[in-house]
Amino acid sequence: MKIEILSPDGFSIDMQTHKNMNEVKIALDNFVKRFEKQGYYSTIINGQRYLMPLDELRDNCTIIKN
């Protein structure tokens, strides 16, 4: 199985596929860490800028299993 993770904006978070959910968890943790200094993830929702709190970021990523 190959697992891809998409950001809330629909882009791959790390340009890799993962073999299992443990790798997915690690990749999501690393993705969230990239925004810790900033304190939020900036995205557009319904045409409006949204500063997503980091505790919401993992839940707003999409996991695709192939």
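Figured I'd write up the structure that's included with this text. (Residues numbered from 1 in each chain as written. Predicted model: local features only at pLDDT ≥ 70, side-chain atom pairs only at ≥ 80, totals over all residues. Heavy atoms only, no water.)

### Section: the nonpolar core
Grouped together as the largest cluster of nonpolar side chains are 14 residues, with contacts concentrated most on Ile5, Ile13, Leu28, Phe31, Phe35, Tyr41 and Leu57. Those elements that place two or more of their residues in this core are β1 (3-6), α1 (21-33) and α2 (54-57). Sorting elements by how many residues they give to this core places α1 first, with five residues. Dropping the residues within four chain positions of it, Phe35 is found in contact with Tyr40, Tyr41, Leu54 and Leu57. (Core = buried A, V, L, I, M, F, W, Y, C linked by side-chain atoms within 4.5 Å. Buried < 20%, exposed > 50% of the residue type's maximum accessible area, 1.4 Å probe, protein only. Helix = DSSP H or I, 4+ residues; strand = E, 2+ residues; numbered from the N terminus. Contact = heavy atoms within 4.5 Å.)

### So, the packing of aromatic side chains
In total, this model carries three aromatic pairs according to the counting rule given. Between the aromatic rings of Phe31 and Phe35, the centroid separation amounts to 5.3 Å while the plane-to-plane angle is 80°, which identifies the pairing as edge-to-face. Assessed through its relative accessible area of 4%, Phe31 is described here as buried. Overall, the relative accessible area of 14% leaves Phe35 in the buried class. Relative to Tyr41, the ring of Phe31 lies with its centre 5.9 Å away and its plane at 55°, an arrangement referred to as tilted. Taken together, the residues span a long stretch of sequence, with Phe31 in helix α1 and Tyr41 in strand β2 (residues 40-45) at a distance of ten residues. A single burial state applies to Phe31 and to Tyr41, both of which are buried. An aromatic cluster is built from Phe31, Phe35 and Tyr41, whose rings are joined through pairwise contacts. (Phe/Tyr/Trp six-rings, centres within 6.5 Å; stacked < 30°, edge-to-face > 60°.)

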